[in-house]
Amino acid sequence: ATVGHFHMASSRIAGLLCAVCLATLLPSAVQLNQTSRQALKEHLLGDYDPIVMPVVDGGLQVEVEFVLMQFIEISTKYETVEMQGWLRQYWDDPRLSWDENEFDVPAFHVPIDQVWRPDIVMYEAVEEEQTKYGATVYSSGRVFFASIAKVKIGCKMDIRAFPYDRQNCNFTIGSWSHNGLLLDVAPRLIAREPDSPKSNRSAVDLSVFEGFQEWKLVTTRSIWKDLYYTCCPEPFPVIIVELEIHRATRTYFSGMIAPIVLVTLVSFFVLLMPSPTSGARPALSVTLMLTIATVYFVASQSTPMSNDSTMIGRLYLVGILCSFVLVLASIISTGLNLINDDNKLSQKRLTELFKAFDKSESGELNEEELEVVLAVLNVSAKEKAEILEALPQRRITKHQWFVIGDLAKKADDGATFHNKVIQWMVQWAMRR
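Below or above, wherever it landed, is the structure these notes cover. (Residues numbered from 1 in each chain as written. Predicted model: local features only at pLDDT ≥ 70, side-chain atom pairs only at ≥ 80, totals over all residues. Heavy atoms only, no water.)

**Some details on the overall build of the protein chain**
Helix and strand counts for the protein chain stand at ten helices and 14 strands. Each of the 432 residues in the protein chain was classed as buried or not, and the buried ones make up 37%. Counting only contacts in the protein chain whose residues sit at least 6 apart along the sequence, the fraction spanning at least 24 positions is 72%. Accessible area for the protein chain stands at about 25700 Å²; split by element, carbon and sulfur atoms hold 58% of it. (Helix = DSSP H or I, 4+ residues; strand = E, 2+ residues; numbered from the N terminus. Buried < 20%, exposed > 50% of the residue type's maximum accessible area, 1.4 Å probe, protein only. Contact = heavy atoms within 4.5 Å. Areas by Shrake-Rupley, 256 points an atom, 1.4 Å probe, with all protein chains shown as cover.)

What follows is the structure in structure tokens.
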């Protein structure tokens, strides 16, 4: 037990000694590191001029990488795309290189205003906000600078296929004032292969990209080329980034397209309604036309403003024209059935038939006269036999004649056969 206590005491004493040594050496190490960094700062920035561009063997090249985080807003009304991300830039500055063994500092952070920085911008930017932090300088003279960029770019949009439109929005990254003889601009992402061709390079990183509800980013493409302007003979190297975005259509289909199509199809069944003289057909046709107009009015609140006709607009135009034609057809059909009542057993028609075939003017139709008038009315032989069987005396008074006529009129008035438009359509189809 005594030996065990001795070992435990020895271990505690050793631990305390180690702690004392670390506490003594740590401030010295921190102070040494601070001294090294202070000496490195004086070595690098003592006579450094941030206005002078660095000179690099083979030419100065700035590699650009835009890390797209999210789309903030895509406005087809104002033809703008607002996005947020990180704009990363890499270049070499031999004046900022040092011997790592001498200073024992692999990387050094400096305020970006104290070193030279390329004037890289997005040419199509309508609004731009950049939060700038310090740059990281490595012992080889490599400089890395990243800023949080919130930028709104202009984008010409074609919404003729709305809501199935696909937009191609491009923006150009390049130096604002330096031509290609002084500064080259290239994409940073090189498919992780330094010797990959230009066509495989991409200046957009989507590793942290968050999706957008209304739009889907389908593809990105980076084009590395030289532009020439009328002001200057020198080339200006730029990176043209192409974004292909597709609109999400499910909400537009269920809220706009489907209601307009369904209401338009229902409108065609108006002509099959019974009671052509009741006025129900024109009323329902007008109601359906107003329904289509209401659906489009609500949908237009979400429709992009443009002089070009959209697919929704064309669909609405077809629907409203069909409804308008059906309203006219219903009105004409009802009017024809009210005016041309030859095929209906109206009271006037019944009176004319009774007087015409009551040869004896006795106020009754005998069996022979009744058979003649039923033949004129195109009554079938079976119906004629049933009517004669229901008259034991084989004759019919004027009052009985009107009772039978009223019953026939009510039954006949519910048939769609008396829709003149349908009659013409059926006859035309039979002739074809």
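**Structural notes on the nonpolar core**
Counting residues in each nonpolar core, the largest one holds 51 residues, and the members touching the most others are Phe71, Met83 and Phe171. Here the element with the most residues in this core is strand β1 (residues 60–75); it accounts for seven residues. Ignoring anything within four residues of it in the chain, the contact list for Phe71 reads Val81, Glu82, Met83, Phe209, Phe212, Leu217, Leu243 and Ile245. Core analysis: the second largest hydrophobic core is formed by ten residues, Leu353, Phe354, Phe357 and Leu388 among them. (Core = buried A, V, L, I, M, F, W, Y, C linked by side-chain atoms within 4.5 Å.)

**Side note on the pairing of strand β11 (residues 215–229)**
Both β11 and strand β12 (residues 232–247) contribute to a ladder of 13 bridges, which runs antiparallel. Bridged to Trp215 within β12 is Arg247. Adjacent in sequence and paired antiparallel, β11 and β12 are bridged by two residues. (Pairing = 2+ DSSP bridges.)

**A word on the packing of helix α3 (residues 250–267) against helix α4 (residues 280–300)**
Two elements in contact, α3 and α4, have axes separated by 10 Å at closest approach and are oriented at 170°. Classed by the angle they form, the pair α3 and α4 counts as roughly antiparallel. Listed contacts from α4 to Gly255, Met256, Pro259, Ile260, Val263, Thr264, Val266 and Ser267 of α3 are Leu288, Thr291, Ile292, Val295 and Ala299. Classifying every residue of the contact of α3 with α4 by side-chain character gives nine nonpolar, four polar and no charged. (Axes fitted to C-alpha atoms, helices over the stretch in contact; angles between N-to-C directions. Parallel < 35°, antiparallel > 145°, perpendicular 65-115°, else oblique. Nonpolar A, V, L, I, M, F, W, Y, C, P; charged D, E, K, R; others polar.)

**Structural notes on α3**
For α3, which comprises 18 residues, the first-to-last C-alpha distance of 25 Å matches the rise-based estimate of 26 Å (1.5 Å per residue) to within 8%. Within the sequence span of α3, burial applies to Tyr252, Met256, Ile257, Ala258, Ile260, Val263, Thr264 and Ser267. (Expected span 1.5 Å × (residues − 1).)

**Observations concerning the packing of aromatic side chains**
Tallied over the full model, the rule gives nine aromatic pairs. Between Phe71 and Phe212 the ring centres are 6.4 Å apart and the planes differ by 80°, which places this aromatic pair in the edge-to-face class. Of this pair, Phe71 sits in strand β1 while Phe212 is found in the loop between β10 (204–205) and β11, placing the two residues 141 residues apart along the sequence. Judged by relative accessible area, Phe71 falls into the buried class, the value being 4%. Overall, the relative accessible area of 25% leaves Phe212 in the partly exposed class. (Phe/Tyr/Trp six-rings, centres within 6.5 Å; stacked < 30°, edge-to-face > 60°.)

**A closer look at a nonpolar patch on the surface**
Together, Val261, Leu262, Leu265, Phe268, Phe269 and Leu272 make up a nonpolar patch on the protein surface, roughly 590 Å² of accessible area in all. Mapped onto the elements of the fold, Phe268 is located in the loop between α3 and α4. (Patch = residues over 30% accessible without salt bridge, like charges linked within 9 Å, V, L, I, M, F, W, Y side chains within 5 Å. Salt bridge = Lys/Arg side-chain N within 4 Å of Asp/Glu carboxyl O.)

**Looking at the side chain of Lys152**
Within the secondary structure layout, Lys152 lies in strand β7 (residues 142–154). In this structure Lys152 touches Thr80, Val81, Glu82, Glu124, Ala125, Val126 and Glu127, once residues within four positions along its chain are discounted.

**Digging into the sheet that holds strand β8 (residues 166–175)**
Strand order in the open sheet made by the four strands is β4-β8-β12-β11, with antiparallel pairing throughout. If you trace the sheet from one side to the other, it starts and ends with β4 (120–122) and β11, each paired once. Strand-to-strand twist across the sheet, computed as the mean angle between neighbouring axes with direction ignored, equals 20°.

**Thoughts on the pattern of salt bridges**
Summed over all chains, the structure comprises twelve salt bridges. Among the ionic pairs, Arg142 bridges to Glu63, the shortest N-O distance being 3.1 Å. Placement of Arg142 in strand β7 and of Glu63 in strand β1 is noted, with a sequence separation of 79 residues between them. Glu63 matches Arg142 in its accessibility class, with the two residues each being buried. In this structure, the salt-bridge partner of Arg142 is Asp92, at a minimum N-O distance of 3.3 Å. Of the two residues, Arg142 is situated in strand β7 and Asp92 in strand β2 (residues 80–92); the sequence distance between them amounts to 50 residues. For Asp92, a relative accessible area of 30% corresponds to the partly exposed category. Look at the salt bridges and you will find they share partners, linking Glu63, Asp92, Arg142 and Arg188 into a network.

As far as function goes, none of this settles anything; it's purely spatial.
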